[in-house]
Amino acid sequence: MTSNGVDVRITDEKSFSETALADTGHALVTELRNEGEAVHLLESLGSIIPQYDGKVRHDVTYQPGYQDQSYSRSTNTIRAHTEAPGWTPEPPRYLALYCHRQDRFGGGHTDLLDGEVLRERLPAAELDLMAAMPITFPGRNGSITAPMFETHADGRKLLRFSFNLLTSGSYEAKLTEPTPDPADLPAGAAGVSLAHQVSALFDEFRTRILIPENGLLIWDNQRLLHARSEYSDRARHLTRFWLSI
């Protein structure tokens, strides 16, 4: 295996759930027989929950009509973000992608970065912005206003972030539209600057994974940022799942 992910077999699901994700925050399971086997593994980690459209599975594959958007059903690059940061009471704990068919030309990588890299490397002013400035994150039913870095009473950390939201005001940025006035954006000019600084750190320190066919990539959505590289094979097909625990 050439990926930087953690290669895990499903013969010991308890060990997988307790150790692989806790170490790096992500794990790559290879050589599954089908999507059903992937679902069985995910159900050992937590509850598979509905996504934006109310369904528990989302097909990540090209569909016409999204050519000018940074969106899962386009072929465009998607910049660093966490999934569903405006979900209540909190974002999904884990995300998972099962690969049916990978891009035949080598694109469509899933990139990951631990939020601790931001805590270690961002300047103090940007860290203060992420920890202290409440941002309004749209959700499926309303929105939530919360800082990008949040620490619960028990010490558990939660990361919310969207490059697109901070720079365009939308999770699914229209790539052909003019740059908005920073005053109209969720965190103003400071948020735009932060987004680009986070993006630069992401590009420098990311883990880049090309999920193999019949492979399942799982990561901690409250801990890791993720992104996707551009691809050209419109037959590329993955399925996305959200999990709570």
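Here the structure is a predicted model, which means the values were calculated and not measured.

1. So, the nonpolar core
Right, so step 1: With 25 residues, the main nonpolar core has L118, M130, M148, F161, L194 and L225 as its most contacted residues.
Right, so step 2: Put simply, the parts of the chain that give this core at least two residues each are α3 (115-121), α4 (124-132), β8 (135-139), α5 (163-168), α6 (188-205) and β14 (224-228).
Right, so step 3: The element best represented in this core is α6, accounting for five residues.
Right, so step 4: Among the nonpolar cores identified, the runner-up in size contains 17 residues, and A20, V29, V39 and L42 belong to it.

2. Notes on the pattern of salt bridges
Right, so step 1: The tally for this structure, following the rule as stated, stands at 15 salt bridges.
Right, so step 2: Residue E83 is joined to R240 by a salt bridge in which the shortest nitrogen-to-oxygen separation is 3.1 Å. Taken together, the residues span a long stretch of sequence, with E83 in the loop between β5 (78-81) and β6 (94-101) and R240 in strand β15 (residues 237-244) at a distance of 157 residues. Of the two residues, E83 and R240, both sit in the buried class.
Right, so step 3: One salt bridge connects E90 with R156, and the closest N-O pair in it is separated by 3.2 Å. Linking E90 in the loop between β5 and β6 with R156 in the loop between β10 (149-151) and β11 (157-159), this pair joins segments that are 66 residues apart in sequence.
Right, so step 4: Its relative accessible area of 25% is what places E90 among the partly exposed residues.
Right, so step 5: Sharing partners across several salt bridges, the network here consists of D111, D203, R206 and R208.

Calculation rules
Just so you know, the residues in each chain are numbered from 1, in the order the chain's sequence is written. Only residues with pLDDT of 70 or above have their local features reported here, since the model is predicted, and side-chain atom pairs are shown and tallied only from 80 upward, although totals for entire chains, interfaces and linings are computed over all residues. Neither water nor hydrogens contribute to the side-chain values; these are computed over all heavy atoms in the structure. What makes a nonpolar core is a set of buried Ala, Val, Leu, Ile, Met, Phe, Trp, Tyr and Cys residues whose side-chain atoms join them at distances within 4.5 Å. Accessible area is worked out with a 1.4 Å probe on protein chains only. A residue is then buried under 20% of its type maximum, exposed over 50%, and partly exposed in between. Numbering of helices and strands runs from the N terminus, with a helix taken as a DSSP run of H or I at least four residues long and a strand as a DSSP run of E at least two residues long. Definition used for salt bridges: Asp or Glu carboxyl oxygen within 4 Å of a side-chain nitrogen of Lys or Arg.

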